[in-house]
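Listed below are the residues making up each chain.
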Amino acid sequence: KAGVTQTPRYLIKTRGQQVTLSCSPISGHRSVSWYQQTPGQGLQFLFEYFSETQRNKGNFPGRFSGRQFSNSRSEMNVSTLELGDSALYLCASSLQGQGLDTQYFGPGTRLTVL
Amino acid sequence: GESVGLHLPTLSVQEGDNSIINCAYSNSASDYFIWYKQESGKGPQFIIDIRSNMDKRQGQRVTVLLNKTVKHLSLQIAATQPGDSAVYFCAENGGNAGGTSYGKLTFGQGTILTVHP
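Residues numbered from 1 in each chain as written. Chains lettered and ligands numbered in written order. Predicted model: local features only at pLDDT ≥ 70, side-chain atom pairs only at ≥ 80, totals over all residues. Heavy atoms only, no water.

A.B. asks: I would appreciate a short explanation of the overall build of chain B in the present structure.
C.D. replies: Helix and strand counts for chain B come out as 0 helices and 11 strands. Tracing chain B from N to C terminus, the helices and strands come up as β-β-β-β-β-β-β-β-β-β-β. When burial is assessed residue by residue, chain B has 45% of its 117 residues classed as buried. In the form shown here, chain B has an accessible surface area of approximately 5,500 Å², with 47% of it arising from carbon and sulfur atoms. (Helix = DSSP H or I, 4+ residues; strand = E, 2+ residues; numbered from the N terminus. Buried < 20%, exposed > 50% of the residue type's maximum accessible area, 1.4 Å probe, protein only. Areas by Shrake-Rupley, 256 points an atom, 1.4 Å probe, with all protein chains shown as cover.)

A.B. asks: I keep staring at the pattern of salt bridges and nothing clicks. Help me out?
C.D. replies: Close approach of charged atoms allows side chains of opposite charge to pair. Tallied over the entire structure, the rule returns 8 salt bridges over all chains. D49 of chain B is paired through a salt bridge with R57 of chain B; the nearest N and O atoms lie 2.2 Å apart. Here D49 of chain B falls in the buried class, since its relative accessible area comes to 12%. Taken together, the shared-partner salt bridges connect R63, E82 and D85 of chain A into one network. (Salt bridge = Lys/Arg side-chain N within 4 Å of Asp/Glu carboxyl O.)

A.B. asks: What should I look at first to understand the interface of chain B and chain A in this one?
C.D. replies: Interface size is often expressed as the accessible area that is lost when the parts come together. Residue-level contacts link 21 residues of chain B with 22 residues of chain A. Carbon and sulfur atoms supply 55% of the area that chain B and chain A bury against each other, a total of about 1,800 Å² over both sides. Among the residues of chain B in contact with chain A, Y102, G103 and F107 of chain B are the three that bury the most area, contributing 31% of the side total. One can count 0 salt bridges joining chain B with chain A. Of all the secondary structure elements, the ones that give two or more residues to the side of chain B that touches chain A are β4 (32-38) and β5 (45-51) of chain B. Tallied by class, residues from the side of chain B that touches chain A come to 8 nonpolar, 8 polar and 5 charged. (Contact = heavy atoms within 4.5 Å. Buried area = accessible area lost by both parts, 1.4 Å probe. Nonpolar A, V, L, I, M, F, W, Y, C, P; charged D, E, K, R; others polar.)

Written as structure tokens, this is what we have:
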């Protein structure tokens, strides 16, 4: 079974631009979670989607948004990019997003904001 | 607030030694814990998990111990190999009270494991 895939793997943007990242979960997984990883803050939860609905959200500004499609694929968008948004963005999928479900991670998208 | 506490220690071992990586967590409602391994340029890779109704679980060369009394988690790697060199993270699920933890894991800061041949 194919793992979680993320595209693109690398992105370079300038301040003020916006960016869209894509995530395809493991087949059969309906929950997709997004995380931001930086050296200073570590891995931080952004949001989770299930059945095209955002069920949970972390403490990030409204510039960070996402959506999920009927095939469970998910996208996240960051608008008005800031230098501090440079990070590795990881998505993880699980069967139902319930507390005891294991999350499996993709390779991440490395975003650099200049 | 809820947190899983690793203060980015570094562990350096010789090939063949046993390694022990520790993690403290603060959310007593958490009922599911996972260890991940992250190699350079890759996403976190699932190693082993444990539920709060257990205190020990074994996998291939790895053992996770859970002490709920002191909110402590550890990962033991037997016969450590150079390929085990990576950053190791513990994560907890927050217990999902009222659905507040749907799809959310809280991570420790990680431990850098270096295995010398």
